[in-house]
Amino acid sequence: MKQITIDPITRLEGHGKIEIFLNDAGEVANAYFVIPELRGFERFCVGRPAEEMPRITNRICGVCPEAHHMAATKALDALYHVEPTPVAKKIREMFYSAFYVADHTTHFYALGGPDFVVGPDAPAAERNILGVVHKVGLEIGKQVIDARIRNHHVIQTVGGRGVHPVAGLPGGWSKAITEEERKEFEQIARQNVEFALFSLKVFEDIVLGNQEYVDLITSDTYTHRTYYMGTVDASNRVNFYDGMVRVVDPNGKEFVKYHPKDYLQHIAEHTEPWTYLKFPFLKGIGWKGFVDGEDSGVYVATPLSRLNAADGMATPRAQEAFEKMYETLGSKKVNGRYEPVHFRLATHWARLIELLYAAERMLELVTDPEITDPNTRAPITATPDEGVGCVEAPRGTLTHHYWTDERGILTKVNLIVGTTNNYAPIAMSVKKAAQSLIRRGTKITDGLLNRIEMAFRAYDPCFGCATHTLPGQMPLEVTIYAADGSTIAHLRR
Amino acid sequence: MKTLVLGLGNPILSDDGVGVRVAEAVRASLPPDVPIDVCELSVGGLRLMEHMLGYERVILIDAVQPGDAEPGTFRRLSYAELACLGPTQHMTCTHDTSLVTALEMAQRMALPVPREIIVYAIGVQDVESFGEDLTPAVARALPRILEAVLQELNISTQKEETHGLT
């Protein structure tokens, strides 16, 4: 049997390794996406005061510490049975919206975009943000950096620290927003809205304007019919900060909608002998293997799944962009809502729609008259015991679950991070792409391996995070093994 | 010369946090009123580049990948050497790009990138276990690494003084 491995350039923890095994006929027999796991996260946490968790868990990821900080802070609200003050909720969501703008911007221009802007078969050395800037102009590069810097400024000011925020407290937020800051943030939010609209225009011009790319997005190679998960507000619209977790089936029908605290009633985890990381699935359907369809408990939690799971967006321009995507990709309205889009590469488009929503939502919040209210903390009077906190991380639904003794000392912790939700779908996407692209006698080129990488890049997997580590790096190595066990192709990046 | 000392790593992941530990020790050793900023970070790629903007000189302290160097040993690398050798533990963010690419982009956009970047790359043993302690060999090396970095800061200051004469 031939084997193909995509493995990291380094021996970093949290790295991903794709191994593709060919059969005697030279076709893909199987493909695995393997991630090693770190040791001792729970042991590290147990015995510490729970209120340290927003500052500990934001250390397990260098990419979305803000998401962990927020999920942990909300878990503390639940743990201490305290309802945050209205302004605290608004500050948190405003902060979180700024984070989304920075994160989604980065993914599109630096990671997902190069495949489309520079081209999927371009040399690897050019498929990066530098290649994007080279192709579309320095001005866009400058706008990307400006967008990141101004939103990181908001995150630092409101979160109390640059990379790892510290302001989240049970029942609130440690600092209020001054009128002077509010004015500055309003200006930033307005710039964000313009930038998001501009980014959608770039996507339309460069990606949708090129039939080859549209064909790539809608090709069967990158299509899976699965369940979709996302957090929704009371009107079933996308919300990143708070709400109910909704899951729709592959036809778009609501399968379940539950309070995040009840996640264990709905989500179970499957184990495989070839990886330490577990595969979450829908309990109500059951684990049927790495397969698509209504009968398979596999679900996805990504920007595209959030849109699929919702009835729409809560802000006007994002709603327009939402409708445009579903109409353009041929989705029909059934019972008043669009059928899900199953093209995994459309996740890049969905991410930009979310970027616009985050920008508009930030503007709504920062122009809310209450946002400068100094009453940012509710008093804590109850004894802690157990609490669940949940937010939508950019890479999927993020759940923190803590148990403590009556002093608030941790006795147990459980996290389901964004990417973990998507482990089974990513494995399926990688295998399907490999099977579609590698046939008997296919020449293994860098471009071909990149097209396999594209299958998981749409998810922007963060296995550093999924395995509870920090680096933001996820080096990847792909190896293809022949039927006799010899290596016939190897890619590192 | 406006200087930034940047310790990279995760302080709760055993040896991974060695860069942060060295940076903390540098901060504690600096005399008051020295125009040197010290910070700790755990980001790579674009965000790391953005933190360097506006500084003329940056000294990065980071772990190298386990197995690439004996635990507790360290190397001083120039930026040119780094660009050839590849990144240390925390320089690349695979969610965006490598530090080298990020800096090249910043340069093209005429952003104020540092004139000089020096990397202290430290050999480590365990970066896979959660914990606040360094492994013994790395912990023992801490004073030597600190001394080298402090010396670097002094030597560079002297260099700057002669710079105006040439």
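Everything quoted here is computed from the prediction, not taken from an experiment. (Residues numbered from 1 in each chain as written. Chains lettered and ligands numbered in written order. Predicted model: local features only at pLDDT ≥ 70, side-chain atom pairs only at ≥ 80, totals over all residues.)

Asker: Before we move on, could you go through the overall build of chain A and cite the residues and values that matter?
Answerer: Helix and strand content of chain A: 16 helices and 18 strands. A compact globule built from 493 residues would reach a C-alpha radius of gyration of about 23 Å, and chain A, at 22 Å, matches this within 12%. Expressed along its principal axes, the backbone C-alpha trace of chain A runs to roughly 70 × 50 × 45 Å. When burial is assessed residue by residue, chain A has 59% of its 493 residues classed as buried. Considering only intrachain contacts with a sequence separation of at least 6, the fraction spanning at least 24 residues in chain A is 72%. (Helix = DSSP H or I, 4+ residues; strand = E, 2+ residues; numbered from the N terminus. Rg over C-alpha atoms; globule rule 2.2 N^0.38 Å. Buried ≥ 20, exposed ≤ 12 C-beta atoms within 10 Å, placed from the backbone. Contact = placed C-beta atoms within 7 Å.)

Asker: Give me the domain arrangement of chain A: which residues, what numbers.
Answerer: The extent of an interface is frequently quoted as the accessible surface area lost upon association of the parts. All names here are of chain A. Taken domain by domain, chain A consists of domain 1 (1–38 + 429–493), domain 2 (42–82 + 385–421), domain 3 (83–221 + 343–378) and domain 4 (224–340). Each of domain 2 and domain 3 was reduced to a C-alpha centroid, and the two centroids are 24 Å apart. Between domain 2 and domain 3, the residue contacts involve 18 residues of the former and 19 residues of the latter. If you list the elements that add at least two residues to the side of domain 2 that touches domain 3, you get helix H2 (53–56) and helix H3 (65–79). With nine residues, H3 is the largest single contributor of residues to the side of domain 2 that touches domain 3. (Domains from an automatic or database assignment.)

Asker: Now, about helix H12 (residues 347–366) of chain A: what can you tell me, with residues and values included?
Answerer: End to end, H12(A) covers 28 Å across 20 residues, agreeing with the expected 28 Å (1.5 Å per residue, within 8%). Counting buried residues in H12(A) gives 19 out of 20 residues, a clear majority hidden from the surface. (Expected span 1.5 Å × (residues − 1).)

Asker: Break down the packing of helix H7 (residues 179–208) of chain A against H12(A) for me, with residues and values.
Answerer: Residues and elements named next belong to chain A. With their axes 8 Å apart at the nearest point, H7 and H12 run at an angle of 160 degrees to one another. In terms of their interaxial angle, H7 and H12 are classed as roughly antiparallel. Crossing angle aside, the handedness with which H7 passes H12 is left-handed. Within the contact between the two elements, H7 uses Arg182, Phe185, Glu186, Ala189, Arg190, Asn192, Val193, Ala196, Leu197, Ser199, Leu200 and Phe203 and H12 uses Trp349, Leu352, Leu355, Leu356, Ala359, Glu360, Met362, Leu363 and Val366. Taken together, the residues that form the contact of H7 with H12 break down as 15 nonpolar, two polar and four charged. (Axes fitted to C-alpha atoms, helices over the stretch in contact; angles between N-to-C directions. Parallel < 35°, antiparallel > 145°, perpendicular 65-115°, else oblique. Left-handed = near helix turned anticlockwise from the far one by under 90°. Nonpolar A, V, L, I, M, F, W, Y, C, P; charged D, E, K, R; others polar.)

Asker: Please provide a residue-by-residue account of the environment of Ala378(A), values included.
Answerer: Residues and elements named next belong to chain A. The residue Ala378 is located in the loop between H12 and strand S14 (386–393) in this model. Each C-alpha atom of the pair Ala378 and Lys183 lies 26 Å from the other, and the pair is 195 residues apart in sequence. Beyond its immediate chain neighbours, meaning those up to four positions away, Ala378 contacts Val82, Glu83, Pro84, Thr85, Gly171 and Gly172.

Asker: Before we move on, can you summarise the sheet that holds strand S4 (residues 74–78) of chain B with the specific residues and values?
Answerer: Backbone hydrogen bonds hold the strands of a sheet together, and the pairing may be parallel or antiparallel. Residue and element names in this part refer to chain B. Taken together, the five strands give an open sheet; going across it, the order is S2-S1-S3-S5-S4, and neighbouring strands pair in mixed fashion. Both edges of this open sheet fall to strand S2 (36–41) and S4, since each of them pairs with a single strand only. Recorded for the sheet is a direction-independent mean angle of 15 degrees between the axes of neighbouring strands. Direction of pairing for S4 relative to strand S5 (residues 116–122): antiparallel, over a ladder of five bridges. (Pairing = 2+ DSSP bridges.)

Asker: I'd like to hear about the sheet that holds S14(A), residue by residue, with values.
Answerer: Residues and elements named next belong to chain A. Strand order across the open sheet formed by three strands is S14-S15-S16, with antiparallel pairing between neighbours. Since the sheet does not close on itself, it has two edges, and those belong to S14 and strand S16 (410–416), each with one partner. In this sheet, adjacent strand axes meet at a mean angle of 10 degrees when their direction is disregarded. Taken together, the eight bridges between S14 and strand S15 (residues 396–404) define a ladder with antiparallel strand orientation.

Asker: Tell me about the environment of Met94(A), and name the residues and values.
Answerer: Residues and elements named next belong to chain A. In this structure, Met94 sits in helix H4 (residues 86–117). Taking the C-beta count within 10 Å as the criterion, Met94 has 25 such neighbours and is therefore assigned buried. For the pair Met94 and Val158, spaced 64 residues apart in sequence, the C-alpha to C-alpha distance is 9.1 Å. Not counting residues within four places of it along the chain, the set of residues in contact with Met94 comprises Met362, Leu365, Val366 and Ile371.

Asker: Which residues make up unusual backbone geometry, and what are the values?
Answerer: Residue and element names in this part refer to chain B. Phi angles above zero are rare outside glycine, and Asp33 is one such case at about 65 degrees. Along the polypeptide, Asp33 turns up in the loop between helix H1 (18–29) and S2. On the basis of neighbour count, Asp33 is assigned to the exposed category, with 6 C-beta atoms found within 10 Å. Unusually for a residue other than glycine, Ala110 sits at a positive phi of about 60 degrees. As for its placement among the helices and strands, Ala110 is situated in the loop between helix H4 (99–108) and S5. On the basis of neighbour counts, which here come to 9 C-beta atoms within 10 Å, the residue Ala110 falls in the exposed class.

Asker: So what about the confidence of the model for chain A? Which residues, and what values?
Answerer: Should pLDDT be low for a region, the predicted coordinates there are not to be read in detail. Residues and elements named next belong to chain A. In this model, chain A carries a mean pLDDT of 89, and residues with pLDDT of at least 70 account for 91%. Residue range residues 6–14 is modelled with pLDDT below 50. Its contacts to residues more than four positions away, or to other chains, number 45 contacts. Note that residues 466–474 has pLDDT below 50 and, in this model, 58 contacts with residues that lie over four places away or in other chains. (pLDDT = per-residue confidence, 0-100.)

Asker: Any details on the packing of H4(A) against H7(A)? Residues and values, ideally.
Answerer: All names here are of chain A. Between H4 and H7, whose axes approach to 12 Å, the crossing angle comes to 15 degrees. Taken together, the axis directions place H4 and H7 in an arrangement best described as roughly parallel. Crossing geometry of H4 relative to H7 is assigned as left-handed. Contact residues: H4 offers Val101, Phe108, Phe116 and Val117, while H7 offers Asn192, Ser199, Ile206 and Val207. Along the lines of polarity and charge, the residues of the contact of H4 with H7 split into six nonpolar, two polar and no charged.

Asker: Talk me through the nonpolar core; I want residue IDs and the actual numbers.
Answerer: Among the nonpolar cores identified, the biggest contains 199 residues, and Tyr299(A), Ile353(A), Leu356(A), Ala359(A), Met362(A), Val430(A) and Leu6(B) are the most heavily contacted of them. If you tally residues by element for this core, the top one is H4(A), at 17 residues. If we skip the residues at most four places from it in the chain, Leu356(A) touches Ala196(A), Leu197(A), Leu200(A), Arg317(A), Ala318(A) and Ala321(A). (Core = buried A, V, L, I, M, F, W, Y, C linked by C-beta atoms within 7 Å.)

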